[in-house]
Amino acid sequence: MGLSAQHHAVEGPISEKKTGNSLFLRVKERTIANCWDKMEIPVDIPTQDCNTSSGPRAVIGHDDFRSGIIRLTPQLLFVFFVPLLFTLHGRGRTHIFDYESNIGLATEQSGTVCLAINNDELATGHRIALVVFTTPQSIAQTDVLRRLPSSCQSTDASNANFAYYELRVVEGTLAPSAPAVAVVDPAQPLKVLGRFVVGDLEGDRHPEYFRECTSKEGVHLSVWTGKPLRGKRRWHRYYYLGYDVERNCTSKETKNSGPLKALQQEVAYATEWIRLGAAVPNDVKRR
Amino acid sequence: MQLSGSDWVQQFPTTSSVDDLQEPFRSKVQSFLKALADAGAKVSIADTLRPSRRVYLMHWSFCIANGTANPAKVPLMDGVDIQWVHTDSAGNPDPTATKAAAADMVKAYGIVFAPALGSRHTEGLAIDMTISWQGDLTINDASGKPVAIIGLPRNGMNGDLHFVGATYGVVKLVTDPPHWSSDGH
């Protein structure tokens, strides 16, 4: 039963499991589906006259053009403007969740829970959920205790925009020395489904998953919309451990930028290696 | 032989001194660090040498604590006179005490993930450091040619800086931001 539940947690769409979602979301989904139905209605366009592959080139007069536009106007309105209106409407209702400022990294060192996050507006008492990478994954609830004047983690010097907070755990536990993902104000509360913590952070009914893996001497934490490694990676951070570990990361989890940019960087890196007359490291070859 | 336990953790400490690196990598690192300093970059060194004896203790204590290794069959390590198997008052192996002692070591080391047995750090061929600068960075490569680094990020993950480091023989491992080594591993 446990295995089945775990499998379902990864494979199954979260939206099917949810109940009690807002009326708006259900209406939006149905209406968009109707839009697609409508868009499949064939539009009567006289393509014969525009065929340039045979015979003399057709000349379309102003009247022909205008009458064509007039004939097409209702369809054009429907095809272009109605979906646009719904898109804008949907945006207005969707929870605003900024991955850069609403997600951070928390660690416990010597009994103190420290949060490093690109957000300097968290007030004392602000509730923050932590995704703890135990097996199965678990959730801890914390409150902001106070803002810290300086860094409380060892490897965040690469980002001068971080703010640091001390957190107080009010529910659940953290594993000492292990990093956890801190989530500020998700649209829907995080839930444990099988072995995994899942959350609809943006309120768009697309589930977000949390993942960690180890590289040579650190942990890569990531948040994915959709299944990890197959969905879209939305957030990533590295946590330095200070000792060498067994690696299990894939390149999708360790890269620092978008796929195309990362690929360009890798090609440039390998090219430079060859230019320098050195063997391309296996890590680069593999990526 | 000394029984396993948290007392071992203080022995064989990791160092952050460039002097503990192996030649010729040490000289290459020193040259690269000098170039960085001359260019105005800020460098903070975390780890250089991780003694193989420390790594041995970390690896096997983690395995024993997690039940993935037989403490009676842990290979010996030269210079580490440790007794992994604890015994009861009758002299018989005490698995509970053995595991508890290993777990104490794991806790004292602050280990969460399975430690690897060997790395460039144990060979004195790697350095972990945080590099940062403000504005543009103009740094000399190993041939003395100045290289202007204009793009982001302004830290050790900058690809242009990786090329400069490589000219010195200090090679970036891109999956681990602080890690540079003799061959990128």
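The structure this text deals with has already been given above.
Residues numbered from 1 in each chain as written. Chains lettered and ligands numbered in written order. Predicted model: local features only at pLDDT ≥ 70, side-chain atom pairs only at ≥ 80, totals over all residues. Heavy atoms only, no water.

## Quick notes on the environment of A116(B)
Note the cut-off: Helix and strand assignments follow DSSP, with helices taken as H or I runs no shorter than four residues and strands as E runs no shorter than two, numbered in order from the N terminus. Here a residue-residue contact requires only that any non-hydrogen atoms of the pair lie within 4.5 Å.
Note that A116(B) resides in the loop between α3 (95–109) and β4 (126–132). Separated by 11 residues in sequence, A116(B) and M105(B) place their C-alpha atoms 16 Å apart. Discounting residues that sit within four places of it in the chain, A116(B) has contacts with D244(A), V245(A), E246(A), V55(B) and H59(B).

## Topic: the packing of helix α1 (residues 25–39) of chain B against helix α4 (residues 159–168) of chain B
All names here are of chain B. Using the following cut-off: To obtain each axis, a line is fitted to C-alpha atoms, and for helices this fit is confined to the stretch in contact; angles are then taken between N-to-C directions over 0 to 180 degrees. Roughly parallel covers angles under 35 degrees, roughly antiparallel covers those over 145, roughly perpendicular covers 65 to 115, and oblique covers all other angles. What makes a crossing left-handed is the near helix being turned counterclockwise from the far one by less than a right angle; a clockwise turn instead makes it right-handed. Each residue is assigned to one class: nonpolar for Ala, Val, Leu, Ile, Met, Phe, Trp, Tyr, Cys and Pro, charged for Asp, Glu, Lys and Arg, and polar for all the others, Gly among them.
In the contact formed by α1 and α4, the axes pass within 9 Å of each other and the chain directions differ by 140°. It follows from the interaxial angle that α1 and α4 lie oblique. For α1 against α4, the interelement crossing comes out right-handed. Between α1 and α4, the residues in contact are K28, S31, F32, A35 and L36 and L161, V164, G165 and Y168, respectively. Of the residues belonging to the contact of α1 with α4, the class tally is 6 nonpolar, 2 polar and 1 charged.

## Observations concerning the state of the cysteines
Quick note on the threshold: Sulfur atoms of two cysteines make up a disulfide when they are within 2.5 Å. Relative accessibility decides the category of a residue: with a 1.4 Å probe and only protein chains considered, values under 20% of the type maximum give buried, values over 50% give exposed, and everything between is partly exposed.
Under the counting rule described, the total for this entry stands at 1 disulfide over all chains. Each disulfide pairs two cysteine sulfurs, and for C213(A) the partner residue is C249(A), the sulfurs being separated by 1.9 Å. Measuring handedness by torsion sign, the sulfur bridge of C213(A) and C249(A) sits at about 90° and is right-handed. One end of the pair, C213(A), is in strand β9 (residues 208–214); the other, C249(A), is in the loop between β11 (232–240) and α6 (251–254), and 36 residues separate them in sequence. By relative accessible area, C213(A) is classed as buried at 2%. Free cysteine C63(B): the closest other cysteine sulfur is in C249(A), separated by 19 Å.

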